[in-house]
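The residues making up each chain are set out below.
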Amino acid sequence: MRAALLSPLSFSFLRSLTFSLSHHCHRSHRRGCLLILRSLSSSPISATKPRFSPQVSFAAEQHSTFIERVAEDEENWNFSAIREGEDFQFNDGGSAGADLKHPQMPALEVKELDELPEQWRRAKLAWLCKELPAHKVGTLVRILNAQRKWIRQEDATYLAVHCMRIRENETSFRVYKWMMQQSWYRFDFALSTKLADYMGKERKFSKCREVFDDIINQGRVPSESTFHILIVAYLSAPVQGSLDEACSIYNRMIQLGGYQPRLSLHNSLFRALLGKPGGTSKHYLKQAEFIFHNLVTSGLEIHRDFYGGLIWLHSYQDTIDKERIASLRDEMEEAGIAEDRDVIVSVMRACAKEGDVEEAERSWLDLLLADGGLPMQAFVYKMEVYAKIGKPMKSLEIFRDMQECCGSANVAAYHKIIEVLSQAQEIELAESLMQEFIKTGLKPLVPSFTDLMNMYLNLSLHDKLESTFSQCLRTCRPNRNLYNIYLDSLVKVGHLDKSEEIFIQMCRDEAINVNSSSCNIILRGYLSSGDYVKAEKIYDLMCQKKYDIDSPLMEKLEYVLSLSRKEVKKPVSLKLSKEQREILVGLLLGGLLIESDEGRKNHMIRFEFNESSGIHSVLKRHLYDQYHEWLHPSCKPSDGSDDIPDRFSTILHSYFGFYADQFWPKGQLQIPKLIHRWLTPRVLAYWYMYGGHRTSSGDILLKLRGNREGVEKVVKTLRAKSLDCRVKRNGRVFWIGFLGSNSAWFWKLTEPYILEDVKEFLKAGGQSLDNNRLEDQGISFDSGSDSEDKGLDDGGDNS
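Values in this document were obtained by computation on a predicted structure and should not be read as measured data. (Residues numbered from 1 in each chain as written. Predicted model: local features only at pLDDT ≥ 70, side-chain atom pairs only at ≥ 80, totals over all residues. Heavy atoms only, no water.)

Engineer: Looking at this structure, I do not really get the nonpolar core. What am I missing?
Structural biologist: When a protein is soluble and globular, its nonpolar side chains tend to lie buried together. With 148 residues, the main nonpolar core has Leu159, Phe399 and Leu523 as its most contacted residues. For this core, the leading source of residues is helix H17 (residues 341–354), giving eight residues. Excluding residues that lie within four positions of it along the chain, Leu523 makes contacts with Ala535, Ile538, Met542, Ile549, Leu553 and Leu557. Formed by 61 residues, the second largest nonpolar core is a distinct cluster that contains Phe656, Leu684, Ile700 and Cys725. (Core = buried A, V, L, I, M, F, W, Y, C linked by side-chain atoms within 4.5 Å. Buried < 20%, exposed > 50% of the residue type's maximum accessible area, 1.4 Å probe, protein only. Helix = DSSP H or I, 4+ residues; strand = E, 2+ residues; numbered from the N terminus. Contact = heavy atoms within 4.5 Å.)

Engineer: Could you clarify how one ought to interpret unusual backbone geometry in this entry?
Structural biologist: Most of the time, phi is negative for any residue but glycine, and the peptide bond is trans. Geometrically, the link from Lys443 to Pro444 is a cis peptide bond, its omega value of 10 degrees lying close to zero. Not every positive phi belongs to a glycine, and Asn513 is a case in point at roughly 60 degrees. Tracing the chain through its elements places Asn513 in the loop between helix H26 (496–508) and helix H27 (516–529). Taking relative accessible area as the criterion, Asn513 reaches 9% and is therefore assigned buried.

Engineer: Can you help me understand the packing of aromatic side chains in this one?
Structural biologist: Aromatic ring pairs are reported here in terms of the distance separating the ring centres and the angle at which the planes meet. Scanning all chains against the criterion turns up 26 aromatic pairs. Seen from their ring centres, Phe292 and Tyr307 are 5.6 Å apart, and the 70 degrees between their planes marks the pair as edge-to-face. Within this pair, whereas Phe292 is found in helix H14 (residues 285–298), its partner Tyr307 is found in helix H15 (residues 304–315), the two being separated by 15 residues in sequence. For the pair formed by Phe292 and Tyr307, the shared burial category is buried. Put simply, the rings of Phe607, Phe609, Tyr624, Tyr627, Phe648 and Tyr690 pair up and form one aromatic cluster. (Phe/Tyr/Trp six-rings, centres within 6.5 Å; stacked < 30°, edge-to-face > 60°.)

Engineer: Explain the sheet that holds strand S2 (residues 593–596) here, please?
Structural biologist: Adjacent strands of a sheet form backbone hydrogen bonds with each other and so pair up, either parallel or antiparallel. In spatial order, the strands read S2-S3-S4; together these three strands make up an open sheet with antiparallel pairing. Bordering the open sheet on either side are S2 and strand S4 (647–649), each of which pairs with just one other strand. Neighbour to neighbour, the strand axes of the sheet diverge by 25 degrees on average, direction disregarded. (Pairing = 2+ DSSP bridges. Axes fitted to C-alpha atoms, helices over the stretch in contact; angles between N-to-C directions.)

Engineer: Hey, could you run me through the UniProt feature "repeat: PPR" (unreviewed entry) in the chain in this one?
Structural biologist: The positions UniProt marks with the feature "repeat: PPR" (unreviewed entry) are residues 410–444 and 515–549. Counting secondary structure, residues 515–549 comes out at 80% helix and 0% strand; the distance between its end C-alpha atoms is 11 Å. (UniProt positions renumbered as here; feature names shortened; annotations may be inferred.)

Engineer: Honestly, the packing of helix H23 (residues 446–458) against helix H24 (residues 462–475) in this entry has me stumped. Any pointers?
Structural biologist: What describes two packed helices is the angle between their axes and the distance between those same axes. For the pair H23 and H24, the least separation of the axes is 8 Å and the interaxial angle reads 165 degrees. In this view, H23 runs roughly antiparallel relative to H24, as classed from their interaxial angle. At the point where H23 passes H24, the crossing takes the left-handed sense. Contact with H23, carried on its side by Phe449, Leu452, Met453, Tyr456 and Leu457, involves His462, Lys464, Leu465, Thr468, Phe469, Gln471, Cys472 and Thr475 of H24 and no other residues of that element. For the contact of H23 with H24, the class distribution of residues is eight nonpolar, four polar and one charged. (Parallel < 35°, antiparallel > 145°, perpendicular 65-115°, else oblique. Left-handed = near helix turned anticlockwise from the far one by under 90°. Nonpolar A, V, L, I, M, F, W, Y, C, P; charged D, E, K, R; others polar.)

Quick look at the structure:
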């Protein structure tokens, strides 16, 4: 958006011309300077190639600061998402970002310089208009603080508006935040609206949201343009959680503001909901239905993709609403919209979950008549339909038809047919197809190995199960679910030595680890063999990890423990261990969220992980196991699945009140005053794994949010531990960098607590292997303006 309003060439020309005026005004008459600045702020910016001297010095660069302001904001980070599953292709071309014809904003009246009666005030304002854009945040705030004796609301408003006129919106935002801290400040709805809209158009969603919240906190309803622009800014942001924020603002736009959004906004938000894989998008069904309802009640045109998208979302639900799908199809027919191939495939997906053979066959015939040929997923859904009614051989016939029709089968088809045949206990056919699958070179293979091993376990074919597990080890890396199946098999055949070896191996491998099921399996083996000493050790481990013990085992275990212990411990007490407390502090420093109820009596920890990060994929499994007893029931897989979601949260509990008071007092993020006592090596390690990066040059960077004083405490504590570091600022985020030999010292301190499977990604030195390389985020510590002797920049809280 900004590129459309102001070209980079004209922008550089404006800045160079503005800064060169600082020298000219010292030599020229003050009145002449005022006229030049006024004409510059009101005239259009020329796009012609400028001619100016490259030797331009800025006063701001002469100041050495402890923390530097980075040019790019946090909302410009580029996190590429790795998508799995089928995406819905939303073909409508309407875009809210291109629709700039928003309702008229409230009028903002600002006096011009020549309307001010005092010449000295005109001169000072002209000087500030010229000087402020040339400086970074800390210097800018110091300059404004020096003017407190004379500057008033009208003066500061003029400064903010002038900066917006010359497209120095960042400076305007800083002036606005400084205004709010002054005793004479009076809320100005028109100014806030104009600033929020300008920040949103530049996709600075966090700053736009700050001003938006300021308007709400004043008891006012933001204008329709502000709602619209903020939603578009969130939709264009590549950061996690931005879609949820966009949905929240959209809902408030209708429910709080009573506005009727434009069709382009409905289209853009609906398209974003469908832009995720089906397994993720299905959670947005209610939001999609709300958008559809608003389209209907507003009398706006409903594009065919709205019908197709809703049917697509319904087909991914765990419980299929057949009546709603039928209703949407009837509405499409009444509107004269023909069902395309995507809609028919979505209907077949719903039929597969319901076992509706008749409707699936009707849809299959429709697909034969549709343009574009038969999609592979349609074969998969037809296979699943017949498997639901107990006809696995018909599913195999469809699979062979798919190979003949399409020339080959995809991964999903192999997974489905091997699952169907394994559940039907067709051993030879399942084994034959598994070997065929391996020869194709397609991956992943783990789901099919899991189906085969479950079949062997149910049939007590333990030799075949062991050979299949060995084959899995040679061709791919088994997950914990496969290890548990193998462990269960070893216990059932009485191979306790081998099962103990596998259990220890699982404990040592952080990417696999053990869970409640693993412990119960090995505990059952020890109890059945009469090895009560080892059974007690497993019991103690389960108490430590707060795992539930199966009821039949607990009855026998209570008798065994009563022989050697006076009191039997119950692993039911909810209390964080020392390790869990240290991990939690490290995660909170790295950006973990805490949410509180209205009375701030109970609190909830929200774990969020970047789905494209290899480090986070390992870390989330480890943390899921670490805090399993605290997790909300909705976050625990009910079908025995070993997949860990990218987001999960704990139950609401008063135990987290201490951390909420320390890190999130009054709902605002803050670095605790006692943080210097808590920065242990384990805390630093988990901070690094959750909110840190290693650059391609081998330097280590830690992300930290908070105020200036808090960051200063953290840096002083690190330096007291002989961990020298440098700090840069990027929007509302600080980056603490351990460069060169300092990164090696940091790694030596934290390595014992870094998970084994991520050490290659995070070890100091070498080339970064993770997807989130910091060079893509515009962070650089190459400049030499940081100083160990300087304090943090003033005005840090204003960001």
